[in-house]
Amino acid sequence: MDNTPELQPAEPEWLAIPPDLLPEGVARPLSRKLLRRWGLVLEARGIPFHNEALVEGWYLRVPPALLSRACNELRRYEELNHNWPPPLPAATPQQDNLLSTLCVLLAVATFYNLTQIDINLLGHHPVNWNDLGNADARKILQGEWWRLITALTLHADWLHLLGNLVIGGFFISRLCRDLGAGLGWSLLLASGLLGNALNAWLQHPEHQSIGASTAVFGAIGILAAISLVRYRRSLRKRWPLPLAAALALLAMLGSSGEHTDLGAHLFGFGCGIVLGLVTEYLQSCFGRPGSGLNRLLALGSAALVFLAWWAALSA
C-alpha cells in the first residue's frame, strides 16, 4: 500500500496590477500614494490584495483570477475622479500699494496729533473732536450719520492708536495688495461704517465709542471671506481655516483692553465677511477694478471722510 501523501497543487502566484491598468500590461512599481489609493478602492469592492515592497518600489498584487476585475474597478474609479481634486485657483496678481497704505496710516497718526491741540474752527473754541465725532448711539439714531465715519478716525491715546496702526497696517496692506488701494480702503470704510451703525442700533442709547478697530476687524473679515470663496473646492478643505484664524484673532485682540468695544469689533468683522463675499463674487463676474476705478474709489473714500468731519463741525 502506498502511504505517500498526495501533493496539493501549488497556488498560482498573485499578479501585480500594472500602472496602465491593462491586465496584460507590464507590471511596474507604483508610488506609495497610488498604492494607498488603489488599495482603498479594492478593499471597498471586496477584492483581496496584498502589498509587496521591493527595492525598486511598491507592487499591488491580486489573485490571477481577479486581475481583470480589479483593473476594471480601478479604471472606473480613475475615470470618475479624473478631474478631482479641482486645481486651486490661479494666484491673484498682487499690487504694490505699500506706499499709499503707509501714507494713509501716517495721516491717521497726524490727525491724532491734531486732535491733541487746541484749535479754533468753525465756531468751536476750541474744537472738542471726541465730543463732535464719537460714535454716540443716541445721536447716531437721531440722524447724526457722520459719527459713523468720524469715530473711525479718533483714538483715546497713543497706545490705542499704535495698536490699530500696527495690527491694522498688516491686514490693510494685505487687503490693498490683493484688491487695490481704492477698493480696499472703500471696503474698509464701508465695514467700519456699517459696523458702527449696527453697534449703535443694538447697544444702549448712552453707548459711545471711538477708534479704527471696527474697520480693522472689517479688514480681517474681508480677507477671511475672500479665502472662503477662493478655496471652497479645495480637496484639503482649507477654506474654513481663514475663518477660524479670523475668529481666533477676534477673540485674542478684540475682547479685552481698556478701550475695547467688543460689539464694534464683532459687527465690523461680520460686515467685512459680507462685503468680502459680495466683492469676490462681483470680481469673478466682472474682474478686478482697473486703475482708474481704483483711483476714483480712493478719492471717494477720502472725500467721504472730509465730508463727515465738515458735517460734524458745521452741526
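What this report covers is the structure whose coordinates are included nearby. (Residues numbered from 1 in each chain as written. Predicted model: local features only at pLDDT ≥ 70, side-chain atom pairs only at ≥ 80, totals over all residues. Heavy atoms only, no water.)

1. Things to note about the overall build of the protein
Step number 1: In terms of regular secondary structure, the protein is built from 12 helices and three strands.
Step number 2: Burial analysis of the protein (315 residues in total) assigns 41% to the buried set.
Step number 3: Considering only contacts within the protein whose residues lie at least 6 apart along the sequence, 74% involve residues at least 24 apart.
Step number 4: Taken as a whole, the protein presents about 18,200 Å² of accessible surface, with 63% of it coming from carbon and sulfur. (Helix = DSSP H or I, 4+ residues; strand = E, 2+ residues; numbered from the N terminus. Buried < 20%, exposed > 50% of the residue type's maximum accessible area, 1.4 Å probe, protein only. Contact = heavy atoms within 4.5 Å. Areas by Shrake-Rupley, 256 points an atom, 1.4 Å probe, with all protein chains shown as cover.)

2. Focus on the pattern of salt bridges
Step number 1: Per the counting criterion, the structure on display carries six salt bridges.
Step number 2: When the shortest N-O distance is used, the salt bridge between Arg45 and Glu73 registers 3.3 Å. Of this pair, Arg45 sits in the loop between helix H1 (32-44) and strand E2 (50-54) while Glu73 sits in helix H2 (residues 67-80), placing them 28 residues apart in sequence.
Step number 3: Overall, the relative accessible area of 46% leaves Arg45 in the partly exposed class.
Step number 4: A cluster of three or more residues bridged by salt bridges with shared partners is formed by Arg45, Glu73 and Arg76. (Salt bridge = Lys/Arg side-chain N within 4 Å of Asp/Glu carboxyl O.)

3. A few points about the sheet that holds strand E1 (residues 15-16)
Step number 1: Overall, antiparallel pairing links the three strands, which are arranged E1-E3-E2 in an open sheet. Looking along the sheet, the strands with just one partner apiece sit at the ends: E1 and E2.
Step number 2: Inspection of the sheet shows E2 paired to strand E3 (residues 57-62) by five bridges, in the antiparallel sense. What sits directly across from Asn51, in E3, is Leu60.
Step number 3: Packed on one face of the sheet, H1 meets E2 and E3 and runs near 15 degrees to E3. (Pairing = 2+ DSSP bridges. Axes fitted to C-alpha atoms, helices over the stretch in contact; angles between N-to-C directions.)

4. Things to note about a nonpolar patch on the surface
Step number 1: Together, Val274, Val278, Tyr281, Leu282 and Phe286 make up an exposed nonpolar region whose accessible area comes to about 550 Å².
Step number 2: Its place among the elements puts Phe286 in helix H11 (residues 262-286).
Step number 3: Overall, the relative accessible area of 69% leaves Phe286 in the exposed class. (Patch = residues over 30% accessible without salt bridge, like charges linked within 9 Å, V, L, I, M, F, W, Y side chains within 5 Å.)

5. Examining the pairing of E3
Step number 1: Along E3, five of the six residues are buried, which leaves the element largely enclosed by surrounding structure.
Step number 2: Taken together, E2 and the strand that follows it, E3, pair antiparallel across an intervening segment of two residues.

6. Structural notes on the packing of aromatic side chains
Step number 1: Throughout the structure, instances matching the rule amount to six aromatic pairs.
Step number 2: Aromatic pair Phe111 and Trp309: ring centres 5.5 Å apart, planes at 50 degrees, arrangement tilted. Separated by 198 residues along the polypeptide, Phe111 in helix H3 (residues 98-115) and Trp309 in helix H12 (residues 291-314) bring together distant segments of the chain. Side by side, Phe111 and Trp309 carry an identical accessibility label, which is buried.
Step number 3: For the pair Trp129 and Trp309, a centre-to-centre distance of 5.2 Å together with 75 degrees between the ring planes defines the contact as edge-to-face. Taken as a pair, Trp129 in helix H4 (residues 129-133) and Trp309 in helix H12 lie far apart in primary sequence, 180 residues in all. Residues Trp129 and Trp309 agree in their burial class; the two are buried. (Phe/Tyr/Trp six-rings, centres within 6.5 Å; stacked < 30°, edge-to-face > 60°.)

7. Quick notes on the packing of H3 against helix H7 (residues 158-179)
Step number 1: Relative to each other, H3 and H7 sit at 160 degrees, their axes nearing to 10 Å. The orientation of H3 with respect to H7, classified from their angle, is roughly antiparallel. As for the relative orientation of H3 and H7, their crossing is right-handed in sense. Facing H3, whose interface residues are Thr101, Leu105, Val108, Ala109, Tyr112 and Asn113, H7 presents Trp158, Leu161, Leu165, Gly169, Ile172, Ser173 and Cys176. (Parallel < 35°, antiparallel > 145°, perpendicular 65-115°, else oblique. Left-handed = near helix turned anticlockwise from the far one by under 90°.)

Everything listed here is a matter of coordinates, which is why it stays silent on function.
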